[in-house]
Amino acid sequence: MTDNHSHKPKPDDRSDNVEKLQNMVQDTIQNIEKSHETMRFTDGEEKQAIETKNKRREEAIDAMRNEIKDEYNALD
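For clarity, every value in this text was computed on a predicted model and none was experimentally measured. (Residues numbered from 1 in each chain as written. Predicted model: local features only at pLDDT ≥ 70, side-chain atom pairs only at ≥ 80, totals over all residues. Heavy atoms only, no water.)

**Student:** Can you walk me through the overall build of the protein in this structure?
**Tutor:** Per the secondary structure count, the protein includes two helices and zero strands. The C-alpha atoms of the protein give 19 Å as radius of gyration, which overshoots the globular expectation for 76 residues (11 Å, by more than 25%). The C-alpha extent of the protein, read off along each of the three principal axes, is 60 × 45 × 15 Å. Burial status across the protein gives 20% buried among its 76 residues. Taking as baseline every contact in the protein between residues at least 6 positions apart, the subset at least 24 positions apart corresponds to 72%. Accessible area of the protein: about 6,600 Å², with a carbon and sulfur share of 47%. With 13 positive and 19 negative side-chain charges, the protein shows a spacing of 1 Å between the two charge centroids. (Helix = DSSP H or I, 4+ residues; strand = E, 2+ residues; numbered from the N terminus. Rg over C-alpha atoms; globule rule 2.2 N^0.38 Å. Buried < 20%, exposed > 50% of the residue type's maximum accessible area, 1.4 Å probe, protein only. Contact = heavy atoms within 4.5 Å. Areas by Shrake-Rupley, 256 points an atom, 1.4 Å probe, with all protein chains shown as cover. Lys, Arg positive; Asp, Glu negative; His and termini not counted. Charge placed at Lys NZ, Arg CZ, Asp CG, Glu CD.)

Spelled out as structure tokens, the structure:
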């Protein structure tokens, strides 16, 4: 069966990207804070795994903050 409706891509709406990225940064920071609480009750490999994951989270936050700057500048 052939679809006779033409599919048009949605326009690139970047107006809320900064807000979405800021929310993602906040969520990631909260995850780091929660993991610090969890680490109080763990040791060994599990603690190391959490520390490794938090390092990746911190790198992701840096990348998101750079993207926020880029998106903000693109709005001008």
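There's plenty left to go through after this.
**Student:** What's the story with the environment of K53 in this structure? I'm lost.
**Tutor:** Relative to the assigned elements, K53 resides in helix α2 (residues 44-75). Judged by relative accessible area, which is 41%, K53 ranks as partly exposed.

**Student:** Would you take a moment to explain the pattern of salt bridges for this structure?
**Tutor:** A side chain with one charge may pair with a side chain of the opposite charge, provided their charged atoms come close. Applying the stated rule across the entire model yields three salt bridges. For the salt bridge of K20 with D16, the shortest nitrogen-to-oxygen distance reads 3.5 Å. A relative accessible area of 47% means that K20 is categorised as partly exposed. (Salt bridge = Lys/Arg side-chain N within 4 Å of Asp/Glu carboxyl O.)

**Student:** Would you explain the nonpolar core in this entry?
**Tutor:** One recurring pattern in soluble globular proteins: nonpolar side chains tend to sit buried together. Counting residues in hydrophobic clusters, the biggest one holds seven residues: V18, L21, V25, I32, I61, M64 and I68. Going through the elements one at a time, α1 (17-39) and α2 are the ones with two or more residues in this core. If one sorts the elements of this core by residue count, α1 sits on top with four residues. If we ignore the near neighbours within four places in the chain, the residues touching V18 are I68, E71, Y72 and L75. (Core = buried A, V, L, I, M, F, W, Y, C linked by side-chain atoms within 4.5 Å.)

**Student:** I would appreciate a short explanation of the packing of α1 against α2 in the present structure.
**Tutor:** Describing two packed helices takes the angle between their axes plus the distance from one axis to the other. Where α1 meets α2, the axes come as close as 9 Å, and the angle between the chain directions of the two elements is 165°. In terms of orientation, α1 and α2 fall into the roughly antiparallel class. When you trace α1 past α2, the crossing you get is left-handed. Of the residues contributing to the contact of α1 with α2, the split by class is 13 nonpolar, eight polar and seven charged. (Axes fitted to C-alpha atoms, helices over the stretch in contact; angles between N-to-C directions. Parallel < 35°, antiparallel > 145°, perpendicular 65-115°, else oblique. Left-handed = near helix turned anticlockwise from the far one by under 90°. Nonpolar A, V, L, I, M, F, W, Y, C, P; charged D, E, K, R; others polar.)

**Student:** For this particular structure, what's the right way to read the side chain of E71?
**Tutor:** Looking at the element boundaries, E71 is found in helix α2. Within the structure, the side chain of E71 is placed 3.3 Å from the side chain of N17, a separation counted as a polar contact. With residues up to four places along the chain from it excluded, the contact list for E71 reads R14, N17, V18 and L21. (Polar contact = N/O pair within 3.5 Å; in protein donor to acceptor, adjacent residues only side chain to side chain.)

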